[in-house]
Amino acid sequence: GVFLKDMDAESAKIKNIIDMAFSFSAMTRVFRKDSAIEIEKELENILSLITSVKSEQDFKELHHTFCLWFKKNIKTAERNKDGMTIKPSGPASYGQGAKVLDVALHVYVHYCHLPEWETAERVTKWLNSAIDTKMLKYLKNMPDTEAHPIHATAIEDIDEKTYIILQKLLRRDIIRNPKFSVQSLPVQWDDIMWRFLNKK
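Residues numbered from 1 in each chain as written. Predicted model: local features only at pLDDT ≥ 70, side-chain atom pairs only at ≥ 80, totals over all residues. Heavy atoms only, no water.

Novice: Give me the pattern of salt bridges: which residues, what numbers.
Specialist: Applying the stated criterion across every chain yields a total of three salt bridges. The salt bridge partner of glutamate 44 is lysine 15, with a shortest N-O separation of 3.0 Å. Here the residue glutamate 44 occupies a position in helix 2 (residues 35-48), and lysine 15 occupies one in helix 1 (residues 6-24), the gap between them amounting to 29 residues. In this structure, aspartate 34 engages arginine 32 in a salt bridge whose closest nitrogen and oxygen atoms are separated by 3.3 Å. Aspartate 34 gets classed as partly exposed once you look at its relative accessible area, which sits at 48%. (Salt bridge = Lys/Arg side-chain N within 4 Å of Asp/Glu carboxyl O. Helix = DSSP H or I, 4+ residues; strand = E, 2+ residues; numbered from the N terminus. Buried < 20%, exposed > 50% of the residue type's maximum accessible area, 1.4 Å probe, protein only.)

Pasting the structure below:
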């Protein structure tokens with residue numbers, strides 16, 4: 001028989017991980033159908049660059065680049081109810097792009113230890129939590145928000161500034177919350193709090 005080249009298998013593995021992450025993020029239906037292919041292509045591009053990330057600053061720049069690309073290029077799906085358009089299609093938000101990328105990185109780097117063990121060990125500590133609506137509500141109720149009020153009520157409302165504040169808040173929650181050890185990472189906060197807030 002004919003065997004696939006290793007590169008074909010690696011490429012298929014990455015595409016499958018992206019598909020799983022995209023489905024797991026529960027964001028597929030949020031965007032226009034034609035956007036999914038574009039998102040998957042850009043995620044493949046970002047994941048291929050992870051090996052070159054040598055510092056937290058490198059990671060932040062790569063992450064930010066994807067979120068800006070997402071805002072510029074991706075459109076949300078039109079929302080309809082009873083045959084009526086209740087929300088027209090429009091540009092995706094920074095927070096929506098961040099959630100898609102954060103879930104993909106969570107699966108690719110944290111769960112699968114890809115692209116290889118050494119890079120995954122280096123990068124995992126810089127990964128952000130993939131904030132969903134329940135996490136957003138939880139973080140908004142933290143006392144620190146008095147100094148930095150958060151007006152977003154859904155992921156689509158999260159801009160760059162709000163995203164940065166939310167990531168800082170969850171890092172403070174790790175330090176204060178007895179559920180976590182002080183060495184816990186944002187991806188571990190994500191794993192535990194997603195199950196806790198969804199009563200899993």
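So much for the structure itself; the text now carries on.
Novice: So what's going on with the packing of helix 2 against helix 4 (residues 94-111)? Which residues, and what values?
Specialist: Interhelical geometry of helix 2 versus helix 4 gives an angle of 50 degrees and a closest axis separation of 11 Å. Viewed along their axes, helix 2 and helix 4 adopt a mutual orientation that is oblique. Along this stretch, helix 2 crosses helix 4, giving a crossing that reads as right-handed. Residues Ile39, Leu43, Ile46 and Leu47 of helix 2 lie in contact with helix 4, whose contacting residues are Val100, Leu101, Ala104, Leu105 and Tyr108. Of the residues belonging to the contact of helix 2 with helix 4, the class tally is nine nonpolar, no polar and no charged. (Axes fitted to C-alpha atoms, helices over the stretch in contact; angles between N-to-C directions. Parallel < 35°, antiparallel > 145°, perpendicular 65-115°, else oblique. Left-handed = near helix turned anticlockwise from the far one by under 90°. Contact = heavy atoms within 4.5 Å. Nonpolar A, V, L, I, M, F, W, Y, C, P; charged D, E, K, R; others polar.)

Novice: I'd like a description of the pairing of strand 2 (residues 84-87), backed by residues and values.
Specialist: With three bridges connecting them, strand 1 (residues 79-81) and strand 2 associate as antiparallel partners. Bridge pairing in strand 2 places arginine 79 opposite lysine 87. Linking two consecutive strands that pair antiparallel, namely strand 1 and strand 2, is a turn of two residues; a positive phi of about 50 degrees is found at aspartate 82 within it. (Pairing = 2+ DSSP bridges.)

Novice: I'd like a description of helix 2, backed by residues and values.
Specialist: Spanning 14 residues, helix 2 covers 20 Å between terminal C-alpha atoms, matching the ideal 20 Å at 1.5 Å per step. Along helix 2, the residues that are buried comprise Ser35, Ile39, Glu42, Leu43, Ile46 and Leu47. An end-on view of helix 2 places all buried positions within 140 degrees of arc, on one side of the element. Those residues of helix 2 that are exposed and angled more than 90 degrees off the buried face are Ile37 and Ser48. (Expected span 1.5 Å × (residues − 1). Arc of directions from axis to C-beta.)

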